[in-house]
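# Chains, contacts and geometry: an overview
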Amino acid sequence: MGVLAFCQSLLTTIFPPSFRYTFLKFFNRISNYFSCYCYFDITEIDGVNTNELYNAVQLYLSSTAAATAASAGRLSLTRSINSSAVTFGLAHNDTLFDTFKGVAVQWEHIVTQRPSQSFSWRPVPDEKRGFSLRVKKSAKDMVLGPYLDHIMDRAGEIRRLNQDRYLYTNSRGGSMDSARPGHPWEAVPFKHPSTFDTLAIDPRRKAEIMADLKEFASGESFYRATGRAWKRGYLLYGPPGTGKSSMIAAMANYLNYDIYDLEITEVSSNSELRKLLMKTTSKSIIVIEDIDCSIDLSDRQKDNKHSKYRQRGGHRNYPSPDDGPHGPGSVTLSGLLNFTDGLWSCCGSERIFVFTTNHVEKLDPALLRCGRMDMHIHLSNCSFEALKILLRNYVGLEENDLDSETIAEFEAVVGKAGMTPADVSEVLIRHRRERMKAVKELLVELKRRAEGDKEGNVVVDDDELYFKENDKKFN
Ligand SMILES: Nc1ncnc2c1ncn2[C@@H]1O[C@H](COP(=O)(O)OP(=O)(O)OP(=O)(O)O)[C@@H](O)[C@H]1O
Ligand SMILES: [Mg+2]
C-alpha cells in the first residue's frame, strides 16, 4: 500500500490525469496478478440502499475488537437506541486480524471523504465508508461462503443480545378483532432482575435446568437431525411464592429470550390461539401461568368438571363459570394441545413453552407428556440449600459467617417450618439493615412455624403432603 501511495503522489505531480489513470490501472493489474491475496470491498451504501453486509461486518468485528480491546490502539464505541450495551468498532482506517477455520484474514475499515454533491434525493453521509477484506487467494472459496454466513449469524446474535428484550401480553385489548388487527401482542421492555444466581432452589436441580436450557438453545442441528420441532416445554409446579414466575424470568434472562405471557382467558377461540402463536417470534418463551385455572379441561376430563375455574385466594381474577360463549372457556384442551404440539407449534423455531400451576393433579396427562411438557420442575417450600442462597442474596451472609449452632438450628427447623422462599425473603427484607437481627428473627419465625403454630400448620401440611404425593408421580 505504501509503494502504491508513493507512486500515486509521484504521478499526480508529473503526468496528465488520463495517463495517470491508465498507468495506475495497469499497475494494479500487475500487482494483483503477483499478489497471493485477494481483496473484497464491502461498502456501507450499495447504490442507494444500505448494505446489510456492511452492518453485519461492523457488528461482527465489534465482538472481535472487544476481545482485543486491551491491545488495540484505538477503537470506536457506539450505543444504539433500545440498547443497554456499548459496542466496540474498528476506528477509521484501522485494521484487524481474524481467523476462521484456521485461515487468517485481515479487515480494514476504509473511510474517505465523499465529494460534495449539489443535489440528492436522499441524504448521503459525508464520508464514504467500507470494509476491505483481505484473504489468501487459496482460501477464497472457503472464506466467501461459510465465513460470510458465519458473520451474518454472529451479527444477528449480537444484535439480539444488545437489544433490550420484551415482555409481550395479549391481555390488554389484544384480541384479533381489536383496533390493531394483526398486532395481537402488546409489548413492554422486559427488565425483571431475577437470574439463576438469585433463584433459591437446590443447586443441583438449578444446574440441571441450566444445562437443559443451554443444550436446547444450542441444539438446532440435533432437532433437525431427529426431525423434531425445535421447541421445549417446561412445567413449573409448586405452592404460591416458591419462585415459578421468578424462574421464568431467570430463564429468559439466561437465554436472552423474549417472553410472551399468554393470558388464555382473553383468547376467545382455538383459531385465535393459533393466530397468536403465529405472531410470536423465535427465541422466545411462551408462558401460560396457572394453567389449571385458565382453561376448561372438560373436553378430556368430563368427570372432573368441578376442577375448572377454581377461585384461588390470591392475586388474580379468575373467570367465573358464568362466562359467555366468547368468554374464557372457548379455548379447549385440544386447542391447547395443538398449540403446544400440533403442526402449528413449529411455525417458528427455538421456542420454549412454560406452564405453571399450583395444582398439578388437575392437569390432563395428555398435557404433561414428554414432547409437550418435557421437564417437570417442582418448586418447593424453602429447603436448607435454598435458605443459604436467600441469606447470601438478601443480607450478604455466607455459611461461614454463621456459627455452627445457628446453622444446625436452621437445618433442623427449615424443612418442618414449611415456609416458602417468598415468606423467608419477606422476613429478611424487613430486617435487611441489621444482618444478625435478620438471622435471629428468621430463626424465631421458622421455629414458630415448625412447632405447629396455627398459621404454620396450614401451610406445612397442605403443601408438603400434597407435593410428596406428586413428587412420586413426576420426579
Ligand atoms: N425460589 C425463589 N428464589 C428466590 N426468590 C423467590 C423464590 N421464590 C419466591 N421468591 C420471591 O418471592 C416472590 C414471589 O415469587 P414468585 O412470584 O416467583 O412465586 P410464584 O411461585 O410464581 O407464586 P404464584 O404461584 O403465586 O404465582 C418473588 O418476588 C421472589 O423475590
Ligand atoms: Mg407466579
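This section reports on the structure supplied with the text.

Criteria and thresholds
- Residues numbered from 1 in each chain as written.
- Chains lettered and ligands numbered in written order.
- Predicted model: local features only at pLDDT ≥ 70, side-chain atom pairs only at ≥ 80, totals over all residues.
- Heavy atoms only, no water.
- Pairing = 2+ DSSP bridges.
- Helix = DSSP H or I, 4+ residues; strand = E, 2+ residues; numbered from the N terminus.
- Axes fitted to C-alpha atoms, helices over the stretch in contact; angles between N-to-C directions.
- Contact = heavy atoms within 4.5 Å.
- Core = buried A, V, L, I, M, F, W, Y, C linked by side-chain atoms within 4.5 Å.
- Buried < 20%, exposed > 50% of the residue type's maximum accessible area, 1.4 Å probe, protein only.
- Phe/Tyr/Trp six-rings, centres within 6.5 Å; stacked < 30°, edge-to-face > 60°.

Before going further, it helps to examine the sheet that holds strand S15 (residues 375-378). To summarise the sheet geometry, strands pair through backbone hydrogen bonds and adopt either a parallel or an antiparallel arrangement. Read from one edge of the open sheet, 7 strands run S10-S9-S12-S13-S14-S11-S15, paired in mixed fashion. The sheet terminates laterally at strand S10 (186-189) and S15, the two strands that pair on one side only. When the angles between neighbouring strand axes are averaged without regard to direction, this sheet yields 20°. As defined by bridge partners, strand S11 (residues 231-237) adjoins strand S14 (residues 351-357) across 7 bridges and the pair is classed as parallel. Across the sheet, residue Tyr237 finds its bridge partner in S14, namely Thr357. Where helix H5 (residues 203-217) meets the sheet, it contacts S11, S14 and S15, and its direction lies at approximately 150° from that of S15.

Glancing now at the nonpolar core. Among the nonpolar cores identified, the biggest contains 28 residues, and Leu336 and Phe339 are the most heavily contacted of them. Going through the elements one at a time, S11, helix H8 (270-278), strand S13 (284-288), helix H10 (333-341), S14 and helix H11 (365-368) are the ones with two or more residues in this core. Top contributing element to this core by residue count: H10, with 4 residues. Within the second largest apolar cluster, 27 residues are counted, among which are Trp230, Tyr234, Ala252 and Val354.

Turning next to the environment of Val57. On the secondary structure map, Val57 appears in helix H3 (residues 52-67). Measuring from C-alpha to C-alpha, the distance between Val57 and Ala155 comes to 7.3 Å, with 98 residues separating the pair along the chain. Apart from the residues lying within four places of it in its own chain, the contact partners of Val57 are Ile42, Trp107, Phe131 and Ile151.

Moving on, we get to the packing of aromatic side chains. Scanning the entire structure with this criterion turns up 13 aromatic pairs. Ring centres of Phe100 and Tyr147 lie 5.0 Å apart, and the angle between their planes is 45°; this geometry places the pair in the tilted category. One end of the pair, Phe100, is in strand S6 (residues 95-100); the other, Tyr147, is in helix H4 (residues 140-162), and 47 residues separate them in sequence. Across this residue pair, the class does not change: Phe100 and Tyr147 are buried. On the basis of an interplanar angle of 85° and a centroid distance of 6.1 Å, the ring pair of Trp107 and Phe131 is categorised as edge-to-face. With Trp107 in strand S7 (residues 103-113) and Phe131 in strand S8 (residues 127-136), the pair connects residues that are 24 residues apart, well separated along the chain. What links up through ring pairs into an aromatic cluster is the set Tyr54, Tyr60, Phe100, Trp107, Phe131 and Tyr147.

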